[in-house]
Amino acid sequence: MAINNNIRSPIVTVVGHVDHGKTSLLDRFRGTSVQEGESGGITQKISFTRYPLEQLKKACPLLKERKISLEIPGLLFIDTPGHAAFTNLRKRGGSLADLAILVVAAKEGIKPQTAEVLQILRANKTPFLIAFNKIDSFSGWKRHSSLKESIQNQAINVQQEFQEALLTFQGSLQEHGFESDLYYEIKDFTKKIALVPCSAKTGEGISELLFVLAGLCEKFLKTQLKLSKEAKGVILEIKKEKSVESIESILYDGEIKEGDEIAVASFGDPIITKVKAIEEIESLSLKFKTVKSATAATGLHLHLTNKQGLLAGMLFQKIDNNLTSITESFKKQISQSIKTDPKGIIAKADSLGSLEALLFLLKQENISVVRAGIGPVNKTDIVAAKANLEIDALNAVIVGFNTELEEDLEIVKIKVLTNDVIYKLIEDLQLWRKEKQASIERERMLSLAAICKLEILHNFTFRNSNPAIFGVRVAGGHLKSGITLISDDGKDISRVKAIQMDKSSVNNAEEGKEVAISLPGVNFERQLADKKVLYSDIGESEFKKFKKNKDLLSSAELQALQEIADIKRRVKEDWGI
């Protein structure tokens, strides 16, 4: 197994739904127990795992058994908290990850975050395999000498439960456009996604998972794994520990040395800085060690002379008399990443990669974005959202992925939604827009007419006529000044001239309110003394509009509308409801 010094380690991103076992799987690879120490068992930060060839051979005896020779120097795994790292693993033209392991809990199948990952994998054209995890959760599962034997030799009831879960998952995966099969059944790995059943808890299937992973890297990725002389990388996170700020990053090509001058992409001209010191992730560890140089692919903490304006998700490259071409390349990449529309909502994220992923998924949901940026939601974003109130109130919203609000922001009449789980953020946005649309429709509908049922309060007659002034309770709907009232026998009574509530004039009164109304041309004793209720007069076209939008009406409004229809029907206006 001769290592080819011109080939770098493949970058493998471990992704999947929360709590499906991503970190536990990596713990099993490296023989540590990071996951137990995490808050709530959920990964809190990006972590690298350098997995050298020697460890790969040790953990995967199948390589020796099958006499398979590898040229790759090992693997670089990246565990992701949600999608913070996954979405930052971007470079111009696609994903920085050479390959991904999608971790799925066997009994749970495709969850919202899994579906989101599949969308991003497809968009980035990232090859992947599936760790069909937690097979030990099948009641009565027994381990055999090999994974294939385990799958084929379970008790009938266990076999049935496993096959049902597998087929259900494969069907769901097919709906997302991916054909799949168990790894040992696949003849052509370019046509089907390999499924490797495994258990991070017991270790079963881990050797087979590494075997398939190494085989895919060796067979399909060697061309793109060739090292060039140019040091290139991407910033994943800007970390501050004990007042020392370091740049957590991945070097994905070339070699970087202490003292090198590098250019870092930004929204303007590149940021020029020098490498003061380099810390590299140690093999099979979460610890970093100080080194003079590092070769791709590897995880680094870079200490730079100029950190002003650095943003997560941005690319960096060593300068070697080529600053002009680097600048052009960076500008092209950013312009391709952030494309906005003539009108739409405002979107913010914590990094370029996160913003790119957010814009991609919003586009998938046919949601336009007029303004997009990196960093906290600020006053300029608020102004832009308020401007949308006049254009389209559905766009008077700001969504923030993995980002916060600046202090002392005044948020009036607009909506700000933030979340560090991208699919939940989009769900919240869709729900808000649905509710806002219903509210807009309701306001527009109620502006045309008012459904209103009034109970006459006979003990509160303040004036008999010219005009008649008396008390009513709004039993259903909405009372507005200017509407015409009818009696329960369909006769026109009068137009509401004025409404008074708590000795103050008002233009409307909501359901449940008791108010005094003024009706010109009405003699209360002669026309209303024997009446108990009054209704708003609704024309046939307005009635049909209310009927069409019944879901926007309260139960009291629906009841009042039914009673008005019954009155109209009795006076030969056959509307129906």
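See the structure shown above.
In short, a report on the structure.

Rules and cut-offs
- Residues numbered from 1 in each chain as written.
- Predicted model: local features only at pLDDT ≥ 70, side-chain atom pairs only at ≥ 80, totals over all residues.
- Heavy atoms only, no water.
- Helix = DSSP H or I, 4+ residues; strand = E, 2+ residues; numbered from the N terminus.
- Buried < 20%, exposed > 50% of the residue type's maximum accessible area, 1.4 Å probe, protein only.
- Core = buried A, V, L, I, M, F, W, Y, C linked by side-chain atoms within 4.5 Å.
- Contact = heavy atoms within 4.5 Å.
- Polar contact = N/O pair within 3.5 Å; in protein donor to acceptor, adjacent residues only side chain to side chain.
- Pairing = 2+ DSSP bridges.
- Axes fitted to C-alpha atoms, helices over the stretch in contact; angles between N-to-C directions.

Remarks on the environment of Gln333
When you line up the elements, Gln333 lands in helix α10 (residues 323-337). Residue classification places Gln333 among the buried residues on the basis of a relative accessible area of 3%.

Quick look at the nonpolar core
By size, the foremost hydrophobic cluster in this structure holds 64 residues, and its most contacted members are Leu25, Phe29, Phe77, Ile101 and Leu129. With residues up to four places along the chain from it excluded, the contact list for Leu129 reads Leu99, Ala100, Ile101, Leu102, Ile193, Ala194, Val196, Leu209, Val212, Leu213 and Leu216. Ile278, Ala294, Ala297 and Leu359 belong to the second largest nonpolar core, which has 62 residues in total.

A few points about the side chain of Asn523
Assignment of secondary structure puts Asn523 in the loop between β30 (514-519) and α14 (524-528). Assessed through its relative accessible area of 15%, Asn523 is described here as buried. A polar atom in the side chain of Asn523 sits 3.2 Å from the side chain of Asn464.

Side note on the sheet that holds strand β19 (residues 345-349)
Adjacent strands of a sheet pair through backbone hydrogen bonds, lying either parallel or antiparallel. Pairing is parallel in the open sheet, where four strands are placed in the order β20-β19-β21-β22. Sheet topology places β20 (369-374) and β22 (415-419) at the edges, where each strand pairs with a single neighbour. Strand-to-strand twist in this sheet, taken as the mean axis angle between neighbours without regard to direction, amounts to 15°. Of the pairings in the sheet, the one linking strand β21 (residues 397-401) to β22 comprises five bridges and is parallel in character. Across the sheet, the residue bridging to Val397 is Lys415, located in β22. Helix-sheet contacts for helix α11 (residues 352-364) involve β19, β20 and β21, and the interaxial angle to β19 is about 145°. Seen against the sheet, helix α12 (residues 379-391) touches β19, β20, β21 and β22 and runs at an angle of roughly 160° to β19.

With respect to the pairing of strand β3 (residues 74-79)
Taken residue by residue, a regular strand's side chains alternate between the two faces of the sheet. Of all six residues making up β3, six are buried, and the element is well covered by its neighbours. Of the two faces of β3, both are covered, the one formed by Gly74, Leu76 and Ile78 as well as the one formed by Leu75, Phe77 and Asp79. As paired elements, strand β1 (residues 11-16) and β3 share four bridges and run parallel to each other. Residue pairing in the sheet places Val12 in a bridge with Phe77 of β3. In the sheet, strand β2 (residues 47-52) pairs with β3 via six bridges, with the strands oriented antiparallel.

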